[in-house]
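Tertiary structure, described
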Amino acid sequence: MANIEQIRDALKHVVYPGMTRDIVSFGMVQDIAIALDTGKVTVTLDWKNSSPQVQDQIAAAVRIAVAQKVEGISSVEVPTGADHTPRQGGANGGLDPWAGRKPITGVETVVAVASGKGGVGKSTVATNLAVGLAKLGKKVGLVDADIYGPSVHLMFGARDLRPASHDGKTLEPFIMHGVKFMSVGLLVGENTPVIWRGPMVMKMIDQFLREVNWGQLDVLVVDLPPGTGDAQLSLVQKVPLTGAVIVTTPQNVALADAVRGLEMFKRVEVPVIGLVENMSTFHCPQCGHEEHIFRQGGGARTAEDLKIPFLGDIPLNANVCQAGDQGTPVIVADPESPSAKALQGVAEKVAAYLDAVPRQKAVPKLNIVS
């Protein structure tokens, strides 16, 4: 059975927003109670001078930290210091940047998968993340918002399919491997380039979010194009994102671009769930030799420096590419492979994050340091 000291030690990993000190050293922890019969933990904090936004942020971070670091806990309750509705964001120059962001009907949480540059395997991670969440029992949708380079429909083997509409107003998503999905690649020809200006891109993304019959979803995963352009801005302006997953490779060029992507989400007050390092190492299938082609450990170090969770490193295996080209995500095609296991691990961490935040609410970034 967990004890008070174990929980207190876990709380030392929760950093007060904007500070370098944790909530224990800050003297915020007033009481820790454990119900011996149920395993429920109640953490009472001193909310003096803490805004409702900060209260929501710390409460979510406490729930995750205790759940991750202490065994034998059934649930964690963190009463806030005042009755308030969790805000969908924070203040920015006296204005609430979340004011125009409307939840999607029937969708409880929205997770963006982004990268600072192309070629890091972002869409592969997004597709396998969606399938991994579905394997965990979540009702999952996937939007391919990579307007200029759509590939989700290819990874799902839907190259020749075209969406239908039963009511003339909304499109019906396709369902494969337990995931509902929609991609611009299903609407244009196989070799037809998408040559759109910003307003057209923003309109298409809005249609994918609100004019597709998603039904009831626990999570909608959005595969964004690389960079920090119109598609990203359109998404964060229109939808209260629950969080973003950043994908990078270990090389310095990719990491530098990933940091820019992180900074973009920070500026628009979207919480970052964590960083995924793709193509972390190559395992030779013949001799078993391991080679770090793109350097070693850059993703983990970057996550540590930025004080965001490191969600995992995905090894470089030929089966990932082969599975995607054949229209079956590797997490389904070869679930026992190192890459598939690593991707499922990422899905489990994202699921734990989603379980800890309010439904259809985006909480500020969680500061949990390992």
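Residues numbered from 1 in each chain as written. Predicted model: local features only at pLDDT ≥ 70, side-chain atom pairs only at ≥ 80, totals over all residues. Heavy atoms only, no water.

**A closer look at the packing of helix α1 (residues 4–11) against helix α2 (residues 52–69)**
As a packed pair, α1 and α2 sit with axes 9 Å apart at the nearest point and diverge in direction by 125°. The angle between α1 and α2 falls in the class oblique. Seen along the crossing, α1 lies across α2 with a hand that is right-handed. Across the interface between the two elements, Ile7, Ala10 and Leu11 of α1 pack against Val62, Ala65, Val66 and Lys69 of α2. Split by residue class, the contact of α1 with α2 holds 6 nonpolar, no polar and 1 charged. (Axes fitted to C-alpha atoms, helices over the stretch in contact; angles between N-to-C directions. Helix = DSSP H or I, 4+ residues; strand = E, 2+ residues; numbered from the N terminus. Parallel < 35°, antiparallel > 145°, perpendicular 65-115°, else oblique. Left-handed = near helix turned anticlockwise from the far one by under 90°. Contact = heavy atoms within 4.5 Å. Nonpolar A, V, L, I, M, F, W, Y, C, P; charged D, E, K, R; others polar.)

**With respect to the packing of helix α3 (residues 122–135) against helix α11 (residues 338–356)**
Look at α3 against α11: their axes get within 8 Å of each other, and the N-to-C directions meet at 65°. Taken together, α3 and α11 sit at an angle that is classed as roughly perpendicular. Of the two elements, α3 crosses α11, and the hand of that crossing is right-handed. Contact residues: α3 offers Val125, Asn128, Leu129, Gly132, Leu133 and Lys135, while α11 offers Leu343, Gln344, Val346, Ala347, Val350 and Ala351. Grouping the constituent residues of the contact of α3 with α11 by class yields 8 nonpolar, 3 polar and 1 charged.

**A few points about the pairing of strand β4 (residues 107–114)**
By the criterion of burial, β4 is predominantly enclosed, with 7 of the 8 residues buried. The pairing of β4 with strand β8 (residues 217–223) spans 6 bridges and is classified as parallel. Among the inter-strand pairings, Val107 is bridged to a residue of β8, identified as Leu217. Note: β4 against strand β9 (residues 243–248), 4 bridges, orientation parallel. Its bridge partner being in β9, Ala114 is matched across the sheet by Ile246. (Buried < 20%, exposed > 50% of the residue type's maximum accessible area, 1.4 Å probe, protein only. Pairing = 2+ DSSP bridges.)

**With respect to helix α9 (residues 318–325)**
Here α9 has its buried residues at Asn319, Val320, Ala323 and Gly324. Projected onto a plane normal to the axis of α9, the buried residues spread over an arc of 130° and lie on a single side. Looking at the packing, one finds that the buried side of α9 touches α3, α4 (152–155), α10 (330–333) and α11. (Arc of directions from axis to C-beta.)

**Observations concerning the environment of Leu11**
Mapping Leu11 onto the fold places it in helix α1. Taking the C-alpha atoms as reference points, Leu11 and Asp22, 11 residues apart in sequence, are found 7.6 Å from one another. Beyond its immediate stretch of four places on either side in the chain, Leu11 contacts Asp22, Ile23, Val24, Val29, Ile32, Val43, Val62 and Val66.

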